[in-house]
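Tertiary structure, described
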Amino acid sequence: MPITIRPLVEIDLPVADRILQAAFGRNQSFVEMLQLNGAAQPGNQLVAVRAGQVVGTVGAVNFGQFAYIALMGVDPAQQGRGIARRLMEHVLARLDDHGCPIVLLDATDVGAVLYEKLGFADDSSAYEFEGDNSLASNVASTLGSQRGPDSIRAKDSSLSTATRNLGVARMTDADLVEVIEFDLPRFGADRGQVLQILLNEFPERAFVCRDVTGQVTGYLFARTVLGPWVAANAATAEDLLAVARTLPSPEPLRVLVPRSNHAACDLLARNGLHSIRKLRHMRRGGTVPPGRPECLFGQVSFGLG
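Cut-offs applied
- Residues numbered from 1 in each chain as written.
- Predicted model: local features only at pLDDT ≥ 70, side-chain atom pairs only at ≥ 80, totals over all residues.
- Heavy atoms only, no water.
- Buried < 20%, exposed > 50% of the residue type's maximum accessible area, 1.4 Å probe, protein only.
- Helix = DSSP H or I, 4+ residues; strand = E, 2+ residues; numbered from the N terminus.
- Pairing = 2+ DSSP bridges.
- Salt bridge = Lys/Arg side-chain N within 4 Å of Asp/Glu carboxyl O.
- Axes fitted to C-alpha atoms, helices over the stretch in contact; angles between N-to-C directions.
- Left-handed = near helix turned anticlockwise from the far one by under 90°.
- Contact = heavy atoms within 4.5 Å.
- Parallel < 35°, antiparallel > 145°, perpendicular 65-115°, else oblique.
- Nonpolar A, V, L, I, M, F, W, Y, C, P; charged D, E, K, R; others polar.
- Arc of directions from axis to C-beta.
- Core = buried A, V, L, I, M, F, W, Y, C linked by side-chain atoms within 4.5 Å.
- pLDDT = per-residue confidence, 0-100.
- Phe/Tyr/Trp six-rings, centres within 6.5 Å; stacked < 30°, edge-to-face > 60°.
- Lys NZ or Arg CZ within 6 Å of the ring centre and 35° of its normal.

Attention now goes to the pairing of strand β13 (residues 253-257). The buried fraction of β13 amounts to five of the five residues, a majority that puts the element mostly inside the structure. Of the two faces of β13, the one lined by L253, V255 and V257 and the one lined by R254 and L256 are each fully buried. Pairing analysis gives five bridges linking strand β6 (residues 121-131) to β13, with the strands arranged antiparallel. Residue pairing across strands places E130 opposite R254, the latter belonging to β13.

What follows is the structure in structure tokens.
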């Protein structure tokens, strides 16, 4: 029976969510990630349709210098019929047509078998961490006077003097241009549109860190998934984490650590989060990983970097 591939539309969200939960063996909803992917690049999330039914889905966000592929899943009842390969071949052909030189993804061992056949090779590893927000670090964070009533400053004698001089404040639209400039060389591409979408949606959970000269040294969107989370060094990343952990969270905190950032893994372990999954970070094209992986402490998702 022929398979048709088309963009995902809103009416497809419940079935796409069900497919992804079943494919990944997870009880958490994927709807927010599907919607965010679609908002970041309309038409980028695709579905495979067979006999009038959605049987698979995959997404790709093209940042120009590279693209991320994620949210790939096929209905378990339809697996083994070449649907995943058809979806991937369709996505890769579109990216090739647009001249995208590098394609990245994070794969399970099962999924990696297909990706290797399509030209992907292991680049590094990615990790998923999880922790109860009641396991807060010992850092006491308070609203202070660094930048007015929305400023937050870490206060703990165990922190270095340099770390204590960093001011963490809620991010505003006025900060965004500098945050995007800070992010670009570290992420490896301009994802300003994604950051703007997140700031619009989570204004109370967006934080920026500056040094004593006023230069941006890091930022964090403290959603249930802590990310994107980018910092010049581990000390700055820990200041941002301390602030994030003062916020209420109805679900366990999750962090998607990209590209073998071992400093991030160590930081999270010290703060009571634990690794629940290790994935293979794979790359198609290019000779070196883009950006500066040592500065990337948390991803938006496994599809948006």
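Further notes follow.
Within the structure shown, the criterion is met by 18 salt bridges. D96 is the salt-bridge partner of R284, the closest N and O atoms lying 3.2 Å from each other. Here D96 lies in helix α3 (residues 83-97) and R284 lies in strand β14 (residues 274-284), a separation of 188 residues in the sequence. When its relative accessible area of 40% is taken as the criterion, D96 is described as partly exposed. Linked through salt bridges whose partners overlap, the residues forming this network are R26, E128, R254 and R277.

Here we take up the packing of helix α6 (residues 173-187) against helix α7 (residues 192-201). The contact between α6 and α7 brings their axes to 10 Å, and the two run at 145°. Here α6 runs over α7; the crossing is right-handed. On the side of α6, the interface is formed by D173, L176, V179, I180 and D183, while α7 contributes G192, L195, Q196 and L199.

One open sheet holds the eight strands; their spatial order is β1-β2-β3-β4-β5-β14-β6-β13, and the pairing between them is mixed. Where the open sheet ends on each side, the last strands, each with one partner, are β1 (3-7) and β13. Here the strands of the sheet are splayed against their neighbours by 25° on average, with no regard to which way each runs. Sheet topology places β6 next to β14; nine bridges connect them, and they run antiparallel. Note on β14: the bridge partner recorded for D122 is M282.

Once that is clear, we can look at unusual backbone geometry. With omega at 5°, the peptide bond leading from G227 into P228 counts as cis. Along the chain, P228 falls in strand β12 (residues 226-231). A positive phi angle is found at L71, which is not glycine, with a value near 55°. For L71, the position within the fold is in strand β4 (residues 67-74). Judged by relative accessible area, L71 falls into the buried class, the value being 8%.

The subject of this paragraph is the packing of helix α1 (residues 13-24) against helix α2 (residues 31-40). Their axes nearest at 9 Å, the elements α1 and α2 cross at an angle of 120°. The angle between the axes of α1 and α2 places the two elements in the oblique class. As for the relative orientation of α1 and α2, their crossing is right-handed in sense. Each of L13, A16, D17 and L20 in α1 lies in contact with α2, whose residues at this interface are V31, L34 and Q35. Residues of the contact of α1 with α2, tallied by class, amount to five nonpolar, one polar and one charged.

By the burial criterion, the buried members of helix α4 (residues 109-117) are G111, A112, L114 and Y115. Down the axis of α4, the sector holding all buried residues measures 160°, keeping them to one side. In α4, the exposed residues that point more than 90 degrees away from the buried face are D109, V110 and K117.

Locating V74 in the fold gives a position in strand β4. Taking the C-alpha atoms as reference points, V74 and L87, 13 residues apart in sequence, are found 9.6 Å from one another. Leaving out residues up to four positions away in the same chain, V74 has contacts with I19, A23, V55, G56, Q79, I83 and A84.

F63, F66, M171, Y219, F221 and L304 are the most contacted members of the largest nonpolar core, which has 30 residues in total. Of all the secondary-structure elements, those providing two or more residues to this core are α2, α6, α7, β10 (206-210) and β11 (216-222). It is α7 that provides the largest number of residues to this core, a total of five residues. Every residue in contact with F63, bar those within four places of it in the chain, is listed here: Y68, F187, A189, D190, R191, V194 and L304. Listed in part, the 27 residues of the second largest apolar core include V55, I83, L92 and A107.

What follows concerns the confidence of the model for the protein chain. Summary statistics for the protein chain give a mean pLDDT of 86 and a share of 89% for residues scoring 70 or more. Confidence, expressed as mean pLDDT per element, reaches its minimum in the protein chain at strand β7 (residues 140-144) with 34 and its maximum at α6 with 97.

Attention now goes to the packing of aromatic side chains. Within the structure shown, the criterion is met by nine aromatic pairs. Each ring, one from F63 and one from F66, has its centre 5.9 Å from the other, and the planes form 50°; the classification is tilted. Neither residue differs from the other here; F63 and F66 are each classed as buried. Taking 6.5 Å as the distance between ring centres and 15° as the angle between the ring planes, the aromatic pair formed by Y68 and F187 counts as stacked. With a gap of 119 residues between them, Y68 in strand β4 and F187 in helix α6 connect regions that are remote in the sequence. The exposure class of Y68 is buried, given its relative accessible area of 1%. According to the relative accessible area criterion, F187 is buried, its value standing at 1%. Counting every residue linked through ring pairs, the aromatic cluster contains F63, F66, Y68 and F187. Taking the ring centre of F187 as reference, the NZ or CZ of R191 above it sits at 3.8 Å.

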